[in-house]
There are 2 protein chains.
Amino acid sequence: MPSHSRPSAPHKASDETMMITDNVQLSRRAESAGGNPIGYLMHQALSRPELISLAAGFVCQETLPVEAMRKANQLVLASDQQARQALQYGTTAGFAPLRQKLLERTVDADRQSLAVSPHTLDSVIVTAGSNQLLHLVSETLCDPGDIVLCGAPTYFVYLGALEGLSVRSHGVATDDGGIIPEAVELALEQLDAAGELPRVKAIYVPSYYDNPASTTLAIHRREQLVEIARRWSRHGRIFIIEDAAYRELRYYGEDVPSILSFDDRGDTVIHAGTFSKSFAPGVRIGWGILPKPLIQPLLNQKGNLDFGSPNYNQCLMNVVLEEGLLDEHIEKIRAGYRDKLQAMLEAAQEHLTPIADVHWLDVEGGLYVWLKLPRHMEAGVDEPLFHAALDQGVLYVPGEFCYPAEGVPVEKNSIRLSFGVQTPDRIRQGVRLLANAVRGLRLEA
Amino acid sequence: MPSHSRPSAPHKASDETMMITDNVQLSRRAESAGGNPIGYLMHQALSRPELISLAAGFVCQETLPVEAMRKANQLVLASDQQARQALQYGTTAGFAPLRQKLLERTVDADRQSLAVSPHTLDSVIVTAGSNQLLHLVSETLCDPGDIVLCGAPTYFVYLGALEGLSVRSHGVATDDGGIIPEAVELALEQLDAAGELPRVKAIYVPSYYDNPASTTLAIHRREQLVEIARRWSRHGRIFIIEDAAYRELRYYGEDVPSILSFDDRGDTVIHAGTFSKSFAPGVRIGWGILPKPLIQPLLNQKGNLDFGSPNYNQCLMNVVLEEGLLDEHIEKIRAGYRDKLQAMLEAAQEHLTPIADVHWLDVEGGLYVWLKLPRHMEAGVDEPLFHAALDQGVLYVPGEFCYPAEGVPVEKNSIRLSFGVQTPDRIRQGVRLLANAVRGLRLEA
């Protein structure tokens, strides 16, 4: 299989460090773990505060749930006895009342019933954000050299985690309905023909307003993917890792049932959720709903790592759910993000549409707009556009970071814009500055 | 090198799970990660609440810092702006003001000065308890088959983590002054002679009131160990992993400087600390102070895993330090644990001393008393003593769990007793019941 190396950020801190690591021998795992490419971008943003960063995928700071946290803290700390329980160690799987609520909430959102769900309390594990769940699952399923199929483009932090585990990310074509089942099927056929099917352990699918392209997996594709994963599990089970991190950030349209809801036997789909987008990243609570045979192996890994996520934070989130504070908060932030999204799309319409060959997908939720630039205009950090944008005063994430190491080739003329952090005015200004940079290069060419 | 397999708990949950994992292929890492042996014990304790558990290494629930948490939460959430910052993502390394305080606190305790310390803010990483630090360090330094030298006995959770990484734990003799430098030297000589020196990556040393034997590393041994680690770093650097988790739980005697304080070049010692013992495990905040060349590789690992520990919890602990709440709390719990320790030692004196060949070390801090039973009386979960103790109504941790996989042979006639959780009365009763069990078996023999 051809492999294209993922771009890495220039001047990584690790390069400097290497010079003083004489006589220090790191593990193979440590050697293959690259720095987060976005680290370089964040450094740019921090060292030049005048820049309008449309790069960071942070949530809107202004609407973080201060009042809800005050109330939740008060409730958790109200009685001495309950407070002490929250301050003690919990179990590795997590606080049972919270896990039960997470399961019920997911089943409810899917308009199903716990009575017929293959999942129970024991299917749920609380983790440090959904990111830890993705990492634990990947290291539990994959040896170095194993393969995870991913959409192209996909969530670059997960690609970095796979790289750190020496797991091969294999890119599959996507369109505005998310990852294309026929393309998954084709990739599996090709890998099978190459004798590599036994190495395929999972298909990673962000299913709602994904990062970076903001596409939501079409509903009929959800059922199809479960069927495909099962049918190709000849050598060993191929799991679907469903990343539902952005499910609650819906500004238009209707919610659709999760891929999990199509896994009637509960043997195929690993469902990852998080409060980092819908509530507050600073609390770092995510979760997984998993096929039963994966639970104990995952708990073994998590037990070795951290004994379980902070009990206090889990008690807080339990109260947040119990008191309806989460749903209140989600209603509030939806309105704010809808305004920001609208500002970005209007500015794009105004400033980018006039430039030939600049396109973007419709966006109904999430935090991102995925831009396609004119065909030969590359957007990487070493390319003229990136520096022209910096000169204009705007920062973006080059789309090339979001492509798996193998499979579908990298489209270097792509950009991820985030609308989560900046105000509508700054968003409009940022898009206008970016359009200036693109237009300037078009004129030069 | 001879290897003795570590005992595992009977009827592990993973055995059951294996039966339904058909067609599920786990990674080698997942296959080698055993369940926590203490899981079985905790299950016993939970399913028989009438048992007096002297097993769990939990801190005393009654003295968990409810008031301090109320105050810290109020302060963090007082201003909307500061609260929002706490609820946002932080950096992977952690909240800078907290890291600075952790460094200063350590340097102060060591009666040194930051001006001459080789460590700076950049040397400090905040983790999910000290346990995550130990795990990250081990997976950053060690490939499968590599070796970490450990005292025998030592912290069994760390042994489990090494086993999960397929890293060989190699036991070295200890006495009441902790790990014996001459024994470390001898082990290194033997490993060198066997051509295995290049595989030795670290020496793990709990340096204060360790778990399980409650020994504190003698001060002159601290300097010696640094010298030994450096001298044997011919093939690659051998680090000392100093686990200072129990440093603050001192009930008698004087504090001694950390091993870190003898690492004048800052190139040898990895220092791990935690608030789980001194404040509250439910907050799950620990930290490491590390040689600079390890920082970026560790951040890469942690970035892939969880992006950094919960920012909110770090802001809380920052305020707890700032307001002097930690030191207040430590003073309070010291008095309580001192009473519990005294209850355990007096009961041992009364009930166990009359039994020939039962011994224990002096204890000045921590949460444990390490018992040596008559020579042929084995204490494992499948042995008569364990069941006799359960019949009497008392639960303990068999000492055999605390022995590394290689090196110094397991002493199966040892027991770890914890005095953290139970009241002084229940502790006295528990020790009396244990003495009954031991005496019963002696009479039978």
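No experiment lies behind these values; they were computed from the predicted model shown.

A.B. asks: Give a detailed account of the overall build of chain A, specifying residues and quantitative values.
C.D. replies: Helices and strands together make up the secondary structure of chain A, namely 15 helices and 15 strands. In summary, chain A has a C-alpha radius of gyration of 22 Å against a globular reference of 22 Å for 445 residues, a match within 12%. Projected onto its principal axes, the C-alpha coordinates of chain A cover approximately 65 × 55 × 55 Å. Taken over 445 residues, chain A has a buried fraction of 64%. With an accessible surface of roughly 15,900 Å², chain A has 51% of that area assigned to carbon and sulfur atoms. Distance between charge centroids for chain A: 2 Å, based on 41 positive and 55 negative side chains.

A.B. asks: Kindly report on the pattern of salt bridges, identifying the contributing residues and their values.
C.D. replies: As a working rule, side chains carrying opposite charge can pair if their charged atoms are close by. Throughout the structure, instances matching the rule amount to 60 salt bridges over all chains. When the shortest N-O distance is used, the salt bridge between R230(A) and D267(A) registers 3.3 Å. Of the two residues, R230(A) sits in helix α10 (residues 219-231) while D267(A) sits in the loop between β7 (239-243) and β8 (269-274), which places them 37 residues apart along the sequence. Comparing R230(A) with D267(A), the two get one shared label, buried. Salt-bridge contacts for R234(B) lead to D192(B); the nearest nitrogen and oxygen are separated by 2.8 Å. Of this pair, R234(B) sits in the loop between α10 (219-231) and β7 (239-243) while D192(B) is found in helix α9 (residues 181-193), placing the two residues 42 residues apart along the sequence. On the accessibility criterion, D192(B) (26% relative accessible area) is partly exposed. The structure contains a network of salt bridges with shared partners spanning R230(A), R237(A), D263(A), D264(A), R265(A) and D267(A).

A.B. asks: Tell me about the confidence of the model for chain A, residues and numbers included.
C.D. replies: Residues and elements named next belong to chain A. When pLDDT is averaged across chain A, the result is 92; 94% of the residues are at 70 or more. A low-confidence stretch, residues 9-21 (pLDDT under 50), is modelled with 16 contacts involving residues beyond four sequence positions or located in other chains. For this predicted complex, the interface score ipTM comes out at 0.92, while the overall pTM is 0.93.

A.B. asks: Describe the sheet that holds strand β13 (residues 397-398) of chain B, listing the residues and the values that go with them.
C.D. replies: All names here are of chain B. Taken in spatial order, the four strands line up as β10-β11-β15-β13 in an open sheet, and their pairing is antiparallel. A strand with exactly one partner marks an edge of an open sheet, and here the two such strands are β10 (359-360) and β13. Bridge count for β13 against strand β15 (residues 414-418) is two bridges, and the pairing is antiparallel. Within β15, the position partnered with V397 by the bridge is R416.

A.B. asks: Talk me through the side chain of H135(B); I want residue IDs and the actual numbers.
C.D. replies: Take H135(B): it is sitting in helix α7 (residues 129-141). Beyond its immediate stretch of four places on either side in the chain, H135(B) contacts N304(A), L305(A), R29(B), A161(B) and L165(B).

A.B. asks: Residues and numbers for the relation of the copies chain A and chain B, please.
C.D. replies: When chain A is fitted to chain B, the residual RMSD is 0.0 Å, and the transformation amounts to a turn of 180° plus an axial shift of 0.0 Å. Between the two chains, the operation in question is that of a two-fold axis. The C-alpha atom lying nearest the rotation axis in chain A is that of N73(A); the distance is 3.6 Å. A symmetric contact is evident, with 99% of the interface residues of chain A recurring at the interface of chain B.

A.B. asks: Can you tell me about helix α12 (residues 311-322) of chain B, naming the residues and giving the values?
C.D. replies: All names here are of chain B. Between its terminal C-alpha atoms α12 stretches 16 Å, which fits the 16 Å expected from 12 residues at 1.5 Å a residue. Counting buried residues in α12 gives 11 out of 12 residues, a clear majority hidden from the surface. Every buried residue belonging to α12 is among N311, Y312, N313, Q314, C315, L316, M317, N318, V319, V320 and L321, and all of these are buried.

A.B. asks: Which residues make up the pairing of β7(A), and what values go with them?
C.D. replies: Residue and element names in this part refer to chain A. Burial runs high along β7: five of the five residues are buried. The alternating pattern of β7 places F239, I241 and D243 and I240 and E242 on opposite faces, both of which are buried. Sheet topology places strand β6 (residues 200-206) next to β7; five bridges connect them, and they run parallel. Within β7, the residue paired with A202 across the bridge is F239. The handedness of the β6 to β7 crossover, carried by α10, is right-handed. For β7 and β8, the ladder comprises four bridges, and the chain directions are parallel. In the strand pairing of β8, D243 is matched with A272.

A.B. asks: Could you give an account of helix α14 (residues 384-392) of chain B, with specific residues and numbers?
C.D. replies: Of all the residues in α14(B), the buried ones are L385(B), F386(B), A388(B), A389(B) and L390(B). Just downstream of α14(B), G393(B) is the residue with a positive phi angle, here 105°.

A.B. asks: Can you explain the packing of aromatic side chains? Please cite residues and give values.
C.D. replies: Enumeration over the complete set of coordinates arrives at 20 aromatic pairs over all chains. With a centroid separation of 4.3 Å and an interplanar angle of 35°, the aromatic rings of Y158(A) and Y204(A) are classed as tilted. Note that Y158(A) is positioned in helix α8 (residues 156-164) and Y204(A) in strand β6, a separation of 46 residues in sequence. One exposure class covers both Y158(A) and Y204(A), and it is buried. Among the aromatic residues, ring-to-ring pairing joins F58(A), Y89(B) and F307(B) into one connected group. In this structure, R222(B) is placed above the aromatic ring of Y208(B), and the distance from its NZ or CZ to the ring centre is 4.6 Å.

A.B. asks: Describe the environment of V358(B), naming the residues involved and giving the relevant values.
C.D. replies: Residue and element names in this part refer to chain B. Inspection of the secondary structure assignment puts V358 in the loop between α13 (325-352) and β10. Residues V358 and V438, spaced 80 residues apart in sequence, show a C-alpha to C-alpha distance of 9.4 Å. Excluding residues that lie within four positions of it along the chain, V358 makes contacts with L352, L371, K372, P374 and V438.

A.B. asks: Break down the environment of L134(A) for me, with residues and values.
C.D. replies: Residues and elements named next belong to chain A. Position of L134 relative to the elements: it lies in helix α7 (residues 129-141). Look at L134 and you get buried, because its relative accessible area is 1%. Taking the C-alpha atoms as reference, L134 lies 9.4 Å from E242; in sequence the two are 108 residues apart. Setting aside residues up to four positions removed in sequence, L134 forms contacts with Y155, Y158, Y204, I241, D243 and A272.

A.B. asks: Tell me about the interface of chain A and chain B, and name the residues and values.
C.D. replies: Contacts between chain A and chain B engage 85 residues on the former and 84 residues on the latter. When chain A packs against chain B, close to 7,200 Å² is buried across both sides, 55% of that on carbon and sulfur atoms. In terms of surface lost to chain B, no three residues of chain A exceed L87(A), Y89(A) and N304(A), which account for 11% of the buried area on that side. At the boundary of chain A and chain B, one finds eight salt bridges. The partner of R29(B) in a salt bridge is E139(A), and the shortest N-O contact between them spans 3.1 Å. At the junction of chain A and chain B, the tally comes to 46 residue pairs in polar contact (both at pLDDT 80 or more). At the level of elements, α1 (13-19), α2 (28-32), α4 (66-76), α5 (80-87), α7, α8, α11 (292-306) and α12 (311-322) of chain A are the ones that each hand at least two residues to the side of chain A that touches chain B.

A.B. asks: I'd like a rundown of the sheet that holds strand β13 (residues 397-398) of chain A, residues and numbers included.
C.D. replies: Neighbouring strands of a sheet are bound in pairs by backbone hydrogen bonds; such pairs are parallel or else antiparallel. Here we have four strands laid out as an open sheet, ordered β10-β11-β15-β13 (chain A), and antiparallel in their pairing. The open sheet has two free edges, formed respectively by β10 (359-360) and β13 of chain A, since each of these has just one partner strand.

A.B. asks: Describe the nonpolar core, and please don't skip the residues or the numbers.
C.D. replies: F275(A), L385(A), F275(B) and L385(B) are the most contacted members of the largest nonpolar core, which totals 307 residues. In contact with L385(B), not counting residues within four places along its chain, are L373(B), M377(B), E378(B), A379(B), Y396(B), I415(B), A437(B), V438(B) and L441(B).

A.B. asks: Please provide a residue-by-residue account of the packing of α4(A) against helix α5 (residues 80-87) of chain B, values included.
C.D. replies: At a minimum axis separation of 10 Å, α4(A) and α5(B) run at an interaxial angle of 80°. Taken as axis vectors, α4(A) and α5(B) run roughly perpendicular relative to one another. Along the contact surface, α4(A) presents V66(A), M69(A) and R70(A), while α5(B) presents D80(B), A83(B), R84(B) and L87(B). Residue classes in the contact of α4(A) with α5(B) are distributed as four nonpolar, no polar and three charged.

A.B. asks: I'd like to hear about unusual backbone geometry, residue by residue, with values.
C.D. replies: Residues apart from glycine generally show negative phi values, whereas peptide bonds are mostly found in trans. Following N211(A), the chain continues into P212(A) via a peptide bond in cis, with omega recorded as 25°. Mapped onto the fold, P212(A) is located in the loop between β6 and α10. With a phi angle near 50°, R284(B) is a residue other than glycine that sits in the positive phi range. Phi is positive for D357(B), close to 65°, though the residue is something other than glycine. With respect to the helices and strands, the residue D357(B) is situated in the loop between α13 and β10. Residue classification places D357(B) among the partly exposed residues on the basis of a relative accessible area of 46%.

Procedures and definitions
- Residues numbered from 1 in each chain as written.
- Chains lettered and ligands numbered in written order.
- Predicted model: local features only at pLDDT ≥ 70, side-chain atom pairs only at ≥ 80, totals over all residues.
- Heavy atoms only, no water.
- Helix = DSSP H or I, 4+ residues; strand = E, 2+ residues; numbered from the N terminus.
- Rg over C-alpha atoms; globule rule 2.2 N^0.38 Å.
- Buried < 20%, exposed > 50% of the residue type's maximum accessible area, 1.4 Å probe, protein only.
- Areas by Shrake-Rupley, 256 points an atom, 1.4 Å probe, with all protein chains shown as cover.
- Lys, Arg positive; Asp, Glu negative; His and termini not counted.
- Charge placed at Lys NZ, Arg CZ, Asp CG, Glu CD.
- Salt bridge = Lys/Arg side-chain N within 4 Å of Asp/Glu carboxyl O.
- pLDDT = per-residue confidence, 0-100.
- Contact = heavy atoms within 4.5 Å.
- Pairing = 2+ DSSP bridges.
- Least-squares fit on C-alpha atoms with pLDDT ≥ 70 in both.
- Expected span 1.5 Å × (residues − 1).
- Right-handed = clockwise from strand over helix to strand, strands pointing away.
- Phe/Tyr/Trp six-rings, centres within 6.5 Å; stacked < 30°, edge-to-face > 60°.
- Lys NZ or Arg CZ within 6 Å of the ring centre and 35° of its normal.
- Buried area = accessible area lost by both parts, 1.4 Å probe.
- Polar contact = N/O pair within 3.5 Å; in protein donor to acceptor, adjacent residues only side chain to side chain.
- Core = buried A, V, L, I, M, F, W, Y, C linked by side-chain atoms within 4.5 Å.
- Axes fitted to C-alpha atoms, helices over the stretch in contact; angles between N-to-C directions.
- Parallel < 35°, antiparallel > 145°, perpendicular 65-115°, else oblique.
- Nonpolar A, V, L, I, M, F, W, Y, C, P; charged D, E, K, R; others polar.

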